[in-house]
Amino acid sequence: MARYVRIPGSIALITLANPPVNALSAAVRRGITETLSRAIADPEVKAVVLCGENGNFCGGADIKEFAGPMSGPGLVPMIDAIEAGEKPVVAAIEGVALGGGLELALGCHYRIAHCKARVGLPEVTLGLLPAAGGTQRLPRLIGLSAALDLITTGRHVSAQEALQLGIVDRLTEGDTLGVAVEFAQSIAGQPLGSRRLSTRTPACPADLDSFLQGALVQVRRRARGAMAPEACVRAVGAAATLPYSQGMQREQELMASLFRSAQARALQYCFFSQRLVGRWSTPSGARWDSAEPRPIRRAAVIGLGTMGRGIAVSLLQAGIAVVAVETDEQQLEAGRRAVTALLERRAQGRGSEGPLRFTTDLQQLRQVELVIEAVFEDLAVKKQVFRQLSAVCPADTLLCTNTSGLDVEQLAACTRSPELVVGTHFFGPAHVMKLLEVVYGPRSSPVAVATAMHLGKRLGKVSVAVGNCPGFVGNRMLKPYLEQAHFLLEEGAAPEQVDQALEEFGFAMGVFRVADLSGLDVGWRVRKEAGLTGPGVAPGESPRRRQGRRYSPLPDLLCEQGRLGQKTGRGWYLYEGPGAREARPDPWTHSFLQQYRQQHGLQPRAVPQQEVLERCLYALINEGFRVLEDGIATGPEDIDIIYVFGYGWPRHRGGPMFHAGAVGLATVLDRLEHYHHAHPDIPNLQPSALLRRLVASGNPPIQKWREVIRRVRSQL
Ligand SMILES: CCCCCCC[C@H](O)CC(=O)SCCNC(=O)CCNC(=O)[C@H](O)C(C)(C)COP(=O)([O-])OP(=O)([O-])OC[C@H]1O[C@@H](n2cnc3c(N)ncnc32)[C@H](O)[C@@H]1OP(=O)([O-])[O-]
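Residues numbered from 1 in each chain as written. Predicted model: local features only at pLDDT ≥ 70, side-chain atom pairs only at ≥ 80, totals over all residues. Heavy atoms only, no water.

A.B. asks: Looking at this structure, I do not really get the overall build of the protein chain. What am I missing?
C.D. replies: When helices and strands are counted, the protein chain shows 28 helices and 19 strands. Relative to the compact-globule value of 27 Å for 716 residues, the protein chain shows a C-alpha radius of gyration of 28 Å, a close match. With the principal axes as the frame, the protein chain shows a C-alpha extent of 95 × 60 × 55 Å. For the protein chain, the proportion of contacts with a sequence separation of at least 24, taken over those separated by at least 6, is 72%. (Helix = DSSP H or I, 4+ residues; strand = E, 2+ residues; numbered from the N terminus. Rg over C-alpha atoms; globule rule 2.2 N^0.38 Å. Contact = heavy atoms within 4.5 Å.)

A.B. asks: Got a minute to help me understand the site of the ligand in this structure?
C.D. replies: The ligand sits among 25 residues. The nearest are Ala61, Gly100, Glu103, Glu123 and Arg275. The backbone of Ala131 places a nitrogen or oxygen atom 3.4 Å from an oxygen atom of the ligand. Summarising the interface, the protein chains cover 74% of the accessible area of the ligand, which totals 1,100 Å² for the free molecule. Of all the secondary structure elements, the ones that give two or more residues to the shell around the ligand are β5 (96–98), α3 (100–107) and α11 (262–276). Per-element accounting of the shell around the ligand gives the leading share, three residues, to α11. Per-class residue counts for the shell around the ligand are 15 nonpolar, four polar and six charged. (Near = heavy atom within 4 Å. Polar contact = N/O pair within 3.5 Å; in protein donor to acceptor, adjacent residues only side chain to side chain. Areas by Shrake-Rupley, 256 points an atom, 1.4 Å probe, with all protein chains shown as cover. Nonpolar A, V, L, I, M, F, W, Y, C, P; charged D, E, K, R; others polar.)

A.B. asks: Quick question: what am I supposed to make of helix α13 (residues 329–346) here?
C.D. replies: Note that an α-helix has 3.6 residues per turn; residues three or four places apart therefore point the same way. Between its first and last C-alpha, α13 extends 26 Å over 18 residues, near the 26 Å set by a 1.5 Å rise per residue. When we look at burial in α13, the residues that qualify are Leu332, Gly335, Ala338, Val339, Leu342 and Leu343. For α13, the arc enclosing every buried residue in end-on projection is 130 degrees, short of the 170-degree limit, so these residues lie on one face. The outward face of α13, more than 90 degrees from its buried face, is lined by the exposed residues Glu329, Gln330, Arg337, Glu344 and Arg345. Packed against the buried residues of α13 are α12 (306–317), β11 (321–325) and β12 (356–359). The opening residue of α13 is Asp328, an N-cap whose side-chain oxygen sits 2.9 Å from the backbone nitrogen of Gln330. (Expected span 1.5 Å × (residues − 1). Buried < 20%, exposed > 50% of the residue type's maximum accessible area, 1.4 Å probe, protein only. Arc of directions from axis to C-beta.)

A.B. asks: How do you make sense of the sheet that holds strand β2 (residues 11–16) when you look at a structure like this?
C.D. replies: Two modes of strand pairing occur in sheets, parallel and antiparallel, and in both the strands are linked by backbone hydrogen bonds. Strand order in this open sheet of six strands is β1-β2-β3-β4-β6-β9, and the pairing throughout is mixed. The two strands at the open ends of the sheet, each matched to only one other strand, are β1 (2–7) and β9 (170–172). Geometrically, the sheet is characterised by an average inter-axis angle of 20 degrees between neighbouring strands, direction not taken into account. As judged from the three bridges shared by strand β6 (residues 110–114) and β9, these two strands associate in the parallel manner. Residue pairing in the sheet places His114 in a bridge with Thr172 of β9. (Pairing = 2+ DSSP bridges. Axes fitted to C-alpha atoms, helices over the stretch in contact; angles between N-to-C directions.)

A.B. asks: Just checking my understanding: could you explain the pattern of salt bridges for this structure?
C.D. replies: Pairs can form between side chains of opposite charge whenever their charged atoms are close. All told, the structure shown has 40 salt bridges when counted by the stated rule. Arg550 serves as the salt-bridge partner of Glu491, at 3.0 Å between the closest nitrogen and oxygen. Of the two residues, Glu491 sits in helix α17 (residues 474–491) while Arg550 sits in strand β19 (residues 549–550), which places them 59 residues apart along the sequence. The class for Arg550 is buried, based on a relative accessible area of 8%. Glu611 is the salt-bridge partner of Arg615, the closest N and O atoms lying 2.9 Å from each other. Here Arg615 and its partner Glu611 are both found in helix α23 (residues 609–629), four residues apart, which amounts to about one turn of the helix. For Arg615, a relative accessible area of 0% translates into the label buried. When its relative accessible area of 10% is taken as the criterion, Glu611 is described as buried. (Salt bridge = Lys/Arg side-chain N within 4 Å of Asp/Glu carboxyl O.)

A.B. asks: What is the right way to look at the sheet that holds β5 in this model?
C.D. replies: In space, the three strands of this open sheet follow the order β5-β7-β8, with mixed pairing throughout. Bordering the open sheet on either side are β5 and β8 (157–158), each of which pairs with just one other strand. Two elements, β5 and strand β7 (residues 118–120), share three bridges in a ladder whose sense is parallel. The residue of β7 that forms the bridge with Leu98 is Gly120. α3 contacts β5 and β7 of the sheet and is inclined by roughly 95 degrees relative to β5.

A.B. asks: Got a minute to help me understand the UniProt feature "domain: 3-hydroxyacyl-CoA dehydrogenase C-terminal" (unreviewed entry) in the protein chain in this structure?
C.D. replies: Here the UniProt-annotated "domain: 3-hydroxyacyl-CoA dehydrogenase C-terminal" (unreviewed entry) positions come out as residues 471–575 and 612–699. With 51% helix and 4% strand, the stretch residues 471–575 has end C-alpha atoms that lie 30 Å from each other. For residues 612–699, the end-to-end C-alpha separation is 25 Å, with 67% helix and 0% strand making up the annotated structure. (UniProt positions renumbered as here; feature names shortened; annotations may be inferred.)

A.B. asks: How do you make sense of the domain arrangement of the protein chain when you look at a structure like this?
C.D. replies: Accessible area lost upon the coming together of the parts serves often as the stated size of an interface. The assigned domain composition of the protein chain is domain 1 (2–259), domain 2 (291–472), domain 3 (493–599) and domain 4 (609–715). For domain 2 and domain 3, the distance between their C-alpha centroids amounts to 31 Å. (Domains from an automatic or database assignment.)

A.B. asks: Whenever I open this one, the packing of α3 against helix α4 (residues 134–142) confuses me. Can you help?
C.D. replies: What describes two packed helices is the angle between their axes and the distance between those same axes. One way to put it is that α3 packs onto α4 with a least axis distance of 10 Å and a crossing angle of 55 degrees. Taken as axis vectors, α3 and α4 run oblique relative to one another. Of the two possible hands of crossing, α3 and α4 adopt the one that is left-handed. When α3 is examined against α4, the residues Glu103, Leu106 and Gly107 are found in contact with a partner set consisting of Gly134, Arg137, Leu138 and Leu141. Taken together, the residues of the contact of α3 with α4 sort by class into three nonpolar, two polar and two charged. (Parallel < 35°, antiparallel > 145°, perpendicular 65-115°, else oblique. Left-handed = near helix turned anticlockwise from the far one by under 90°.)

A.B. asks: How should the side chain of Glu373 be read in this particular structure?
C.D. replies: Examined against the element boundaries, Glu373 turns out to sit in strand β13 (residues 370–373). Looking at Glu373, the relative accessible area reads 0%, which means it is buried. At 2.6 Å, the side chain of Glu373 forms a polar contact with the side chain of Lys382. Among residues more than four places away in sequence, those in contact with Glu373 are Ile302, Lys382, Val385, Phe386, Leu389, Cys400, Thr401 and Asn402.

A.B. asks: Before we go on, may I ask you to explain the packing of aromatic side chains in this structure?
C.D. replies: Think of a pair of aromatic rings as described by two things: how far the centres are apart, and how the planes are tilted against each other in angle. One pass over the structure, following the stated rule, counts 13 aromatic pairs. Each ring, one from Tyr643 and one from Tyr647, has its centre 4.4 Å from the other, and the planes form 20 degrees; the classification is stacked. Residue Tyr643 shares its accessibility class with Tyr647, and that shared class is buried. An aromatic cluster is built from Tyr481, Phe505, Phe507 and Trp649, whose rings are joined through pairwise contacts. The aromatic ring of Trp524 is capped on one face by Lys528, whose charged end is 3.6 Å from the ring centroid. Geometry around Phe505 places Arg653 over its ring, the cationic atom sitting 4.1 Å from the centre. (Phe/Tyr/Trp six-rings, centres within 6.5 Å; stacked < 30°, edge-to-face > 60°. Lys NZ or Arg CZ within 6 Å of the ring centre and 35° of its normal.)

A.B. asks: For this particular structure, what's the right way to read the nonpolar core?
C.D. replies: As a rule of thumb, soluble globular proteins bury nonpolar side chains together. Core analysis: the largest hydrophobic core is formed by 100 residues, its most contacted members being Leu365 and Phe625. Counting residues per element, this core draws most heavily on α23, which supplies 11 residues. Judged by nonpolar contacts, the second largest core, of 69 residues, contains Val28, Cys58, Leu75 and Ala132. (Core = buried A, V, L, I, M, F, W, Y, C linked by side-chain atoms within 4.5 Å.)

A.B. asks: How do you make sense of unusual backbone geometry when you look at a structure like this?
C.D. replies: Phi is mostly negative for residues that are not glycine, and the peptide bonds are mostly trans. Omega for the bond connecting Pro19 with Pro20 falls within 30 degrees of zero, at 5 degrees, which places this linkage in the cis form. Residue position: Pro20 is located in the loop between β2 and α1 (26–41). Looking along the chain, the bond that leaves Gly428 and enters Pro429 is cis, with omega of -10 degrees. As for its placement among the helices and strands, Pro429 is situated in the loop between β15 (421–426) and β16 (435–440). Its identity as a non-glycine residue notwithstanding, Arg224 has a phi of 50 degrees, on the positive side. Positionally, Arg224 belongs in the loop between α8 (208–223) and α9 (228–241). On the accessibility criterion, Arg224 (31% relative accessible area) is partly exposed. Located in the positive-phi region is Gln547, a residue other than glycine, with phi close to 50 degrees. Mapped onto the fold, Gln547 is located in the loop between β18 (545–546) and β19. With relative accessibility at 58%, the residue Gln547 sits in the exposed group.

Next comes the structure, spelled out in structure tokens:
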């Protein structure tokens, strides 16, 4: 709804009232339409101020309405009426003006913003475009090039940048509403003319055609198959080439092509899932709304390898004081240089960081409230560190381990206060990647989980609470995916063919390019420790079988050849030299695979692209269902957010579990049964009980899976 007040000095004040972000629901649109008519009809009113309740102007159209039939007054005619009116309307922007919220402000004749406000047109991130005139008015206000940047990236801009770009007319540091009212009084009665943005001509680059063509090429490259960015370019292009009314028509047509698309559904699911994972709970009954996080002002990072450095930077940038510990003087020095360089590189335009101290002395940890251990990924080494930490730190210090899959409970068992131990699985580079898996063990207390989850949020990350099992959620599901990729090579595929299929699906990088980038030795070490390769393997065991199931030694063989990926200049691909990034298909790999197949009597076949996708993705998804059965993830949304934010899963496909629902669970089940039948020695292809149960329950929408999961869990 919208509230209407007449204030002295002939000003009508319309306040959007739909907390928390004043989304433009049907009721709000009706409220604005009615109150505006009232203001226009009232001869005493000379100008109107439009603002939002609760410190927020408006977060845009109500995304929840998009799933059902739309009703109520349309946004476009409502905004057109504001612009066309004879009385000046001033938008008083506090908090955010995003999407339809900014479009509403662009329909107003003036915009005054608080200096902490943010504005933007993020519709592209929801698989849409700004379809309430945003693609037509913004270019007319700030020029085609700047508008295109904002609309195709969806980025939020600060009030200062908005002023520079010309989106807002004036900034205030204090009472935004008071300034807007005073301003409205000062301009009452003045002609509105070119304040109506639809009447303006947009400033365009000299060579418009090649500019738009270049923009299309650029967004296609970045979008990895997402449709909305391209539609945004076309709509903004229409602002440059067509009169306003025809441009608006084009905007509507393009929006219609996106509005009910599978991609828009997937992206909007991601939006709500990202918020849902913040409302975490654990099987022991700990919950986001009952567990109180502890305030963290001082933290320590143990180990200044690549991960430790990134974690330290991340903490510092959140204003947390950091003690960075390395036991070896030389490594401490290298860590100091690296952290300082990272901070310098990221310093521009940022706020002040917390104080930083480097030391080799664990005794310096007496004052910190939280420790993040980030030493070498080796259980014995980490156990030793936890014993030391437990001895040195006060008993109420929260101890976190940055591990990608080791048993958190075993580390907790080395301490005096196992309830204060949790896993914090950062993703590298830790100061850049948005995901944090917070791993609770059977003894982790609600306050420990709440503090780690809250810390993640403070660091600007998306935190997901997960249970403790080898690989947690993300890496556990990755294992069958990688395994399938290796089996496909044995059966006749080439690394570049597998990668191409995955990249065309939308992954930023295929599985083999990722392996080369992160280093093949990482997995090699894990497999050696698990006794799958190296001296731990029983003599006489077939190279292609381990523990009664099919095994591919291909990545081990590459490592034995010293082909560790980019760092050695060769891995699955060939590189210009060690450290070079551009992957080229390598004839050596092809002949190596050929010899391998011959040696093992494998008849190569042409592997269809569809099979590459189905085997890699459905094996991963199948493990996702097992993760749900085991209670390691609370719901499918947790898995999807982990994959979208940590593993490069294309967001416009919603995450692996959403994708399974979109493909159809019956289809996924059918294909898994087919492949399991063809490869009975690959247990990961055997469909999970939960998948079967969901199909038997009639393929319910993903929002209803939790009910079925609860029943399956109780029976297992
Ligand atoms: C043919 C039809 C034509 C239609 C034309 C439409 C044209 C238009 O261009 C389309 C749009 O505007 S598209 C829209 C473009 N706008 C955007 O993309 C902006 C999306 N919003 C955001 O980016 C962030 O929420 C803010 C930065 C606004 C606040 O961040 P923060 O302070 O961290 O808070 P938080 O935790 O994030 O949210 C708090 C609660 O509010 C909820 N909610 C929020 N926005 C909502 C919305 N628009 N709606 C509904 N709900 C919305 C959110 O779910 C959460 O609910 P919960 O039940 O408590 O979980």
